[in-house]
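The chain contents come next:
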Amino acid sequence: DVVLMYAEALAESGSSLGDALVWLNKTRTRAGLDALRTEDIPSKGAFIEALADERGREFALEGHRWFDLCRWNIAKKTMDAYKANETPEARAEMADFIEGKHELFPIPQEEVNLGGLEQNPGY
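Residues numbered from 1 in each chain as written. Predicted model: local features only at pLDDT ≥ 70, side-chain atom pairs only at ≥ 80, totals over all residues. Heavy atoms only, no water.

Colleague: Outline the overall build of the chain, supporting the account with residue identities and numerical values.
Modeller: Summing up its helical and strand segments, the chain has seven helices and zero strands in all. The linear arrangement of helices and strands in the chain, starting from the amino end, is α-α-α-α-α-α-α. For a compact globule of 123 residues, the expected C-alpha radius of gyration is about 14 Å, and the chain comes in at 18 Å, more than 25% above that figure. Considered along the principal axes of its C-alpha atoms, the chain spans approximately 50 × 40 × 25 Å. Per-residue burial over the chain gives 24% buried out of 123 residues. (Helix = DSSP H or I, 4+ residues; strand = E, 2+ residues; numbered from the N terminus. Rg over C-alpha atoms; globule rule 2.2 N^0.38 Å. Buried < 20%, exposed > 50% of the residue type's maximum accessible area, 1.4 Å probe, protein only.)

Colleague: Pulling in residues and values, what's your account of the nonpolar core?
Modeller: Grouped together as the largest cluster of nonpolar side chains are 15 residues, with contacts concentrated most on L24, F47 and L51. Elements with a contribution of two residues or more to this core: α1 (2-12), α2 (17-30) and α3 (44-58). Of all the elements, α3 adds the most residues to this core, at five residues. In this structure, F47 is in contact with A7, A11, L17, A20, L21, L24 and I41, ignoring residues within four places of it in sequence. (Core = buried A, V, L, I, M, F, W, Y, C linked by side-chain atoms within 4.5 Å. Contact = heavy atoms within 4.5 Å.)

Colleague: Tell me about the packing of aromatic side chains, residues and numbers included.
Modeller: Under the counting rule described, the total for this entry stands at two aromatic pairs. On the basis of an interplanar angle of 80 degrees and a centroid distance of 4.8 Å, the ring pair of Y6 and W23 is categorised as edge-to-face. Highlighted residues: Y6 in helix α1 and W23 in helix α2, separated in sequence by 17 residues. Plain terms: the ring middles of W66 and F97 are 6.0 Å apart, the flat faces sit at 65 degrees to each other, and that makes the pair edge-to-face. Here the residue W66 occupies a position in helix α4 (residues 65-71), and F97 occupies one in the loop between α6 (88-93) and α7 (109-115), the gap between them amounting to 31 residues. The buried category is assigned to F97, whose relative accessible area is 11%. When the ring centre of W23 is taken as origin, the NZ or CZ atom of K26, which lies over that ring, is 4.7 Å away. Positioned above the aromatic ring of Y123 is the side chain of K101, whose terminal nitrogen or guanidinium carbon lies 4.9 Å from the ring centre. (Phe/Tyr/Trp six-rings, centres within 6.5 Å; stacked < 30°, edge-to-face > 60°. Lys NZ or Arg CZ within 6 Å of the ring centre and 35° of its normal.)

Colleague: Help me get a handle on unusual backbone geometry, residues and values and all.
Modeller: Peptide bonds are trans in most cases, and residues, glycine excluded, mostly fall at negative phi. Unusually for a residue other than glycine, L61 sits at a positive phi of about 65 degrees. Along the polypeptide, L61 turns up in the loop between α3 and α4. A residue is classified by how much of its surface remains accessible, and L61, at 91% relative accessible area, is exposed. Positioned with a positive phi, N73 is a non-glycine residue whose angle comes to about 55 degrees. Structurally, the position occupied by N73 is in the loop between α4 and α5 (75-84).

Colleague: Account for the environment of E118, with residues named and values stated.
Modeller: With respect to the helices and strands, E118 occurs in the segment after α7. Taking relative accessible area as the criterion, E118 reaches 71% and is therefore assigned exposed. Taking the C-alpha atoms as reference, E118 lies 8.5 Å from I107; in sequence the two are eleven residues apart.

Colleague: Tell me about α3, and please be specific about residues and values.
Modeller: Given 3.6 residues per helical turn, the α-helix brings residues three or four places apart onto the same face. An ideal rise of 1.5 Å per residue puts 21 Å on 15 residues; α3 measures up with 20 Å between its terminal C-alpha atoms. Turning to α3, its buried residues number three or more, namely F47, I48, A50, L51, A52, E54 and R55. Tucked inside the fold, the buried residues of α3 contact α1, α2 and α4. (Expected span 1.5 Å × (residues − 1).)

Here you go:
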């Protein structure tokens, strides 16, 4: 949703959180949710959390969430929390998330060889 991306860009560029909140609320009101108030969002961190929640609802199962988590540098925290809530049997089958590696995908070896590229760290 371009509206949510614009809200994020405003917050990250140092614009007032009030301006960013106007754009976040456009999505919320379109979805029939109550608008958030500036009292609900006291800081940039609180705004990003509210935005993350909204993007999670807006784009559920659409494949955008992973890139949001990486962009906001919360992929490890989120994946570790997810794993901690699984059953012991499921956790035993899950690999640990390695920060600095798993945010990236490996470049196919043929592409590395053909293009003289450097492989992403850890692969």
